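Each chain, letter by letter, is given below.
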Amino acid sequence: MGFLVEKENRKLYNGVHKELSLASWADQQGYTLTFTHVATGHSVEFPGTVTSFTDSHASELKMKMLYKETDPLVRTQNTMRKISFNFYVASASLEEARYNEQSLNLLMCMMYPRRNTNNTVAAPGTLIRVRGLKFINTAREQIFVGSGLKDTHLRINSDGIGIYIQSLEYSPDTEAGFITSKGTGGLHGEDEIYPARIELSIQGDVWIDQYTADDWQPLPHNYPSYR
Amino acid sequence: MTKRTGGKDQYSFLKQIGDQSYPPLIIQSADGVVTLDAKYIILENYSEKYKPKIVIEHIFGQINPRVRYSNTERTIDLRFTLAARNVHEAKANLEYCSKLARSPYGTWAVSDINQVSDRAVFDWAYHSQVSYIVNFGTLLRNQTVKVTSFDFEINFDAGVFDYGSTPVSDKMPDQVVDNYIGGQGYAEPSSKNIGQLLDDRWFSKGQQPGATLKEQEYVYHGEAGAVYPKAVSVNISMLALHSRPLCFGGSPRTEGSVGWSFTGEDGAVSNWPHGTGGDEFSPHSVAPYCQPDETGTSLPSDRTEQVLDEWDAKMGEVDTGDPPERSLEWIANSIELK
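Residues numbered from 1 in each chain as written. Chains lettered and ligands numbered in written order. Predicted model: local features only at pLDDT ≥ 70, side-chain atom pairs only at ≥ 80, totals over all residues.

1. Here we look at the overall build of chain A
To be explicit about the condition: Segments assigned H or I by DSSP are reported as helices when at least four residues long, segments assigned E as strands when at least two residues long, and all are numbered from the N terminus. A residue is called partly exposed when the number of other C-beta atoms within 10 Å of its own lies between 12 and 20, exposed at 12 or fewer, and buried at 20 or more, with C-beta atoms placed from the backbone. Any residue pair is listed as a contact if its two C-beta atoms, each placed from the backbone, are within 7 Å.
For chain A, the count of helices and strands is two helices and 13 strands. In chain A, which comprises 227 residues, the share counted as buried stands at 39%. Considering only contacts in chain A between residues 6 or more positions apart, those separated by 24 or more positions represent 64%.

Okay, here's the thing in structure tokens:
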């Protein structure tokens, strides 16, 4: 029996040019974005270079207008939460560019599900958990310890907010230039070309983690947590 | 192997930079019928979009909807400028764009021929949309696509190559004096205009620059009514196609494996979607999750280190001069994965 490919937990760049890299700053500040593919456990980290963030909560209401009544009868059909954010990945050397490109490869592969050997899609499909910079996170589950509240993750997934990504866009910033190496592209000998700065744009529907708290409500009392 | 050079009919400055540093854009139809020149392009924009197609079904009273995945759509947009330093290159750029503009169209076959009075009327049946194979360095490696749109734009602000209507002598400046006829002055000037003269000189050298016409001097042409733009922009949108199912695990993998299903064309071990360079021992060459589950050439990272250490130790036992290349074949033969 040979080995099986196991889950990969890809960290920030930590190579010889790290002092020139955003990874150094991200490590120092604790500013990281972590994406975890739930079905496989693969995860990948990037510096937390978020340039925009939007979180929308919208309910779909069914309204019935009644004769002589000012207000309609309202019934909520569902409430959806959608998230979108942009961040960028910058490289300061050829080595870092190769590393970052491979990290981005893993992120793009996460747009596909895990399948069983009979090719059926394994649950939960393309669900990805994202964590970073506090405002991209799950609600904090807190318990009283001694005299104060303390974070715990007994019932809430600590890998971050669950998102079904609807769109991921990979856009090199051509103004920032490219890092190139002619004819050195590994097994295929292709010309290497890496954008010095790549914009990533993500939009998706949030999967809401729920549990029954002391108030018998499925949503945690501090949902959604932005701090 | 991907062709590494391009620049046919492109001016030397751009060709030199491309040959030294940049990958050419290579597009050809999957059936090999249409092959465009490998061009060095000035990349203006590149983007890849991944859209997992999921069906979201809301259930009354439930916080989360029911989600069903169907497939992931991958599209690629490419915008680039083709610049020209002379008339010849401007014409080549336009010809290139003409060929590329055909790519979003399908192919048709004659389904029926009817005779109407004295002429034949053809009925055409749509046959198929042509697939193209695109190469652009590590970003696009033998990527099969359907071209969904092509936009062509002339940048008039960059200028155009005009028709050269000014009459000129077809002699070089140092030859003009030879036309002096004593007592009668200079001979009648040629009836040629400067555009025709430059065309003649260009074609007389096999459409190459020469002593009488340098690369940057071919700036007028002899075709009245025509203008050739110095810069054109092209925007193509493509839908990426893949010969193997894309997922983690799946039927190509052993049960329990979370490796990437796609292992490159012809079964070669490869990163996806972009190449990441390095030699075969580089940690960037092929990601662990893209490695096969069980082969002699696929090693978990700790085992790789062990084998490489053994190789180095073996080489240290004998003085072989320059250190030899580590042979993947030797390593594969030297171990047995249990």
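2. Describing the nonpolar core
All names here are of chain A. The test is simple: For our purposes the nonpolar core covers buried Ala, Val, Leu, Ile, Met, Phe, Trp, Tyr and Cys residues that link as a set through C-beta atoms within 7 Å.
Counting 51 residues, the largest nonpolar core has Met108, Ile128, Ile163 and Leu200 as the members making the most contacts within it. Counting residues per element, this core draws most heavily on strand S10 (residues 161-172), which supplies six residues. In contact with Ile163, other than residues within four places in its own chain, are Ile83, Ile128, Val130, Gly204, Asp205, Val206 and Trp207.

3. What to know about the domain arrangement of chain B
All names here are of chain B. Cut-off, in case you're wondering: Those domain boundaries reflect an automatic or database domain assignment. Here the term charged refers only to Asp, Glu, Lys and Arg, the term nonpolar to Ala, Val, Leu, Ile, Met, Phe, Trp, Tyr, Cys and Pro, and the term polar to all other amino acids, Gly among them.
Domain assignment breaks chain B into domain 1 (1-106 + 125-162 + 228-241), domain 2 (164-224) and domain 3 (301-334). Contact residues are listed per partner, giving nine residues for domain 1 and nine residues for domain 2. Here the side of domain 1 that touches domain 2 is built from residues that sort into four nonpolar, three polar and two charged.

4. With respect to the environment of Asn135 of chain B
Residues and elements named next belong to chain B. Locating Asn135 in the fold gives a position in strand S6 (residues 131-136). For Asn135, a count of 22 C-beta atoms within 10 Å puts it in the buried group. C-alpha separation for the pair Asn135 and Thr254, spaced 119 residues apart in sequence, amounts to 31 Å.

5. A short note on unusual backbone geometry
Note that the residue after Ala123 of chain A, namely Pro124 of chain A, is joined by a cis bond; omega there is 0°. Mapping Pro124 of chain A onto the fold places it in the loop between strand S6 (114-115) and strand S7 (127-131). At the junction of Trp272 of chain B and Pro273 of chain B, the peptide bond is cis and its omega measures out at 0° in the coordinates. By the element assignment, Pro273 of chain B lies in the loop between strand S13 (248-249) and helix H5 (301-317). A positive phi angle, near 70°, is found at Lys68 of chain A, a position not held by glycine. Residue position: Lys68 of chain A is located in the loop between strand S4 (50-64) and strand S5 (73-90). What makes Lys68 of chain A exposed here is the crowd of 4 C-beta atoms within 10 Å. Although it is not a glycine, Gln207 of chain B sits at a positive phi angle of roughly 55°.

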